[in-house]
Amino acid sequence: MPSNTNRDATRPRHRRALLTALGVIAALSTLQGCDESPTGRKQLALVPEAQMTALGEQSFERLLQTEPLSRDPALRRYVGCVAQALVDALPQPHGEWSVAVLDDPTPNAFALPGGKIGVHAGMLAVARTPDQLAAVIGHEIGHVLANHANERLTQELAVQGGLMLVDLFAEEPGGAAHEAFRKALGLGAQYGLLLPYSRTHEREADRIGRDLMAQAGFDPRASVQLWQNMAAAGDGQPPAFLSTHPSHDKRMQALAAEMEQATALYTEALASGRKPRCTPP
Ligand SMILES: [Zn+2]
């Protein structure tokens, strides 16, 4: 019988990945493993967490090979300070998180499974205060906490019949399966080009990020201001962050409408002495 990619994928080296993929298909077909996001939304996020972490870290490493890091120490310290304050406010155990400032003038940011956060230097032109920057990073952390990449990859696996995950471990980096995984992470075919999230994921990341920033001692009302800055920036052309994080009519209203809960968290944080001191460069 002639060998083909499917048969190759059953070799022992890839058996574990194949079993995982079969597990994903089985769970999809019976809707077992249906999970809840941090906001209580039912979701299917079936790829094992360890695998998401490994793939997120791998993608991040490869991204750093092509995207230069900022060489501005004051900028790196500032972004690191804001990110660390948010991470400190996460419920334990929260695993390891790290932030990299990329020397990219477009206002954008992302976070990957495994806790790798990336902020473009250009984001600072739009997120002009520590509170606004905390809104951006909090939003990106929200995508990770809610397993959005896993959900997207699960959907992709459903479409591809699970073979994608097998191929991912079988093929060299840069192949079709790797590209599919990057898409699930929100990374485009070219590094630095981010893909849009769905409206549901955006709204959920907004809510999680807004509450997280409040708990960390950042003023959650800055999240509304951030989106106003976004809308005003770009000189008629939507900034990158807006095209990858689609703005919808009701976005700012939704953030504002549920602000009461967040400001209560903020007041609590301040009362317990939580007020990050991060100085913009
Ligand atoms: Zn988003």
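Residue positions are given per chain, counting from 1 as you read along its sequence in written order. A pLDDT threshold of at least 70 governs which residues receive local features in this predicted model, and a stricter bar of 80 or more applies before side-chain atom pairs are shown or counted, although totals over entire chains, interfaces and linings include all residues.

**A few points about the overall build of the protein**
Heads up, the condition is: Secondary structure counts use DSSP, requiring at least four H or I residues in a row for a helix and at least two E residues in a row for a strand, with both numbered from the N terminus. Exposure classification rests on a simple neighbour count of other C-beta atoms within 10 Å of a residue's own: a residue reaching 20 or more is buried, one at 12 or fewer is exposed, and one in between is partly exposed. C-beta atoms are placed from the backbone. Throughout, a pair of residues is in contact if the C-beta atoms placed from their backbones lie within 7 Å.
Each helix and strand counted, the protein has 13 helices and five strands in total. Classification of the 281 residues of the protein by burial places 42% in the buried group. Within the protein, contacts between residues separated by at least 24 positions form 73% of all contacts whose residues are at least 6 apart in sequence.

**Quick notes on the nonpolar core**
Definition in use: By definition, a nonpolar core groups buried Ala, Val, Leu, Ile, Met, Phe, Trp, Tyr and Cys residues that connect through C-beta atoms lying within 7 Å of each other.
Formed by 46 residues in total, the largest nonpolar core has its most connected members in L86, A134, I137 and A216. Per element, the largest residue contribution to this core is eight residues, and it comes from helix α5 (residues 130-145). Formed by seven residues, the second largest nonpolar core is a distinct cluster that contains L46, V47, M52 and L153.

**Observations regarding the environment of S59**
Along the chain, the position of S59 falls in helix α3 (residues 49-66). As for S59 and L112, which are separated by 53 residues in sequence, their C-alpha atoms are 8.4 Å apart.

**Some remarks on helix α10 (residues 222-232)**
Selection criterion: Picture the helix axis, draw a direction to every C-beta atom, and the arc is the one those directions span.
Along α10, the residues that are buried comprise A222, S223, L226, W227 and M230. The arc enclosing the buried residues of α10, seen along the axis, measures out at 145 degrees, which places them on a common side. What points out from α10, more than 90 degrees from its buried face, is the exposed set Q228 and A232.

**Concerning helix α13 (residues 259-271)**
Basically, it comes down to this: By this rule the span expected of a helix is its residue count minus one, scaled by 1.5 Å.
Over its 13 residues, α13 runs 18 Å from end to end, which matches the ideal 18 Å to within 8%, given 1.5 Å per residue. Buried within α13 we find A262, Y266 and A269. End-on view of α13: buried residues confined to an arc of 60 degrees, all on one side of the axis. Among the exposed residues of α13, those pointing more than 90 degrees away from its buried face are E260, T267 and A271. Where the residues of α13 are buried, they touch α9 (199-215).

**Quick word on the packing of α5 against α10**
The line we're drawing: Angles shown run from 0 to 180 degrees and are taken between the N-to-C directions of axes, each axis being a line fitted to C-alpha atoms and, for helices, limited to the stretch in contact. Angles below 35 degrees are treated as roughly parallel, those above 145 as roughly antiparallel, those between 65 and 115 as roughly perpendicular, and all remaining angles as oblique.
Remark: α5 packs on α10, axes separated minimally by 8 Å, with the N-to-C direction vectors making an angle of 85 degrees. For the element pair α5 / α10, the angle class is roughly perpendicular. In contact with D131, Q132, A135 and V136 of α5, α10 contributes A222, S223, Q225, L226 and N229.

**Thoughts on unusual backbone geometry**
Going from Q92 to P93, the amide bond is cis rather than trans, its omega being -10 degrees. Despite not being glycine, N147 has its phi angle at roughly 60 degrees, a positive value. By secondary structure assignment, the location of N147 is in the loop between α5 and α6 (148-160).

**Describing the sheet that holds strand β4 (residues 109-112)**
Heads up, the rule is: The criterion for strand pairing is that DSSP finds at least two bridges linking the strands in question.
Strand order in this open sheet of three strands is β3-β5-β4, and the pairing throughout is mixed. Among the strands making up the open sheet, the edge pair consists of β3 (98-102) and β4. Across the sheet, the mean angle from the axis of one strand to that of its neighbour is 15 degrees, orientation sign disregarded. Here β3 runs beside strand β5 (residues 116-120); their pairing, made up of five bridges, is parallel. Considered in β5, the bridge of A100 is made with G118. Contacting β4 and β5, α5 runs over the sheet at an angle of about 30 degrees to β4.

**A look at the environment of E57**
Mapping E57 onto the fold places it in helix α3. C-alpha separation for the pair E57 and G115, spaced 58 residues apart in sequence, amounts to 8.2 Å. Look past the residues within four positions of E57 in its chain and what remains in contact with it is G114 and K116.

**Structural notes on the packing of helix α4 (residues 73-88) against α5**
Where we set the bar: Crossing handedness is read from the near helix: turned anticlockwise from the far helix by less than a right angle, it gives a left-handed crossing, and turned clockwise, a right-handed one. Each residue receives one of three labels: charged for Asp, Glu, Lys and Arg, nonpolar for Ala, Val, Leu, Ile, Met, Phe, Trp, Tyr, Cys and Pro, and polar for the others, Gly being one of them.
Across the interface, α4 lies against α5 with an axial gap of 9 Å and an inter-helix angle of 55 degrees. By the angle class used here, α4 and α5 are oblique. For the element pair α4 and α5, the recorded crossing hand is right-handed. Taking contact as the criterion, the partners of V79, V82, A83 and L86 in α4 are, on α5, P130, L133, A134, I137, G138 and I141. Class assignment for the residues of the contact of α4 with α5 results in nine nonpolar, one polar and no charged.

**What about the confidence of the model for the protein?**
Defined as follows: How sure the predictor is of each residue is captured by pLDDT, a score from 0 to 100.
A residue-level look at the protein finds 68% of positions with pLDDT of 70 or above and a mean pLDDT of 79. Between the elements of the protein, mean pLDDT differs from a low of 42, seen in helix α1 (residues 5-8), to a high of 97, seen in α4. Low pLDDT (under 50) marks residues 1-13, which in the prediction has 10 contacts with non-local residues, meaning those over four places away or in another chain. Below pLDDT 50 for its whole length, residues 189-193 participates in seven contacts with residues either more than four positions away or in separate chains.

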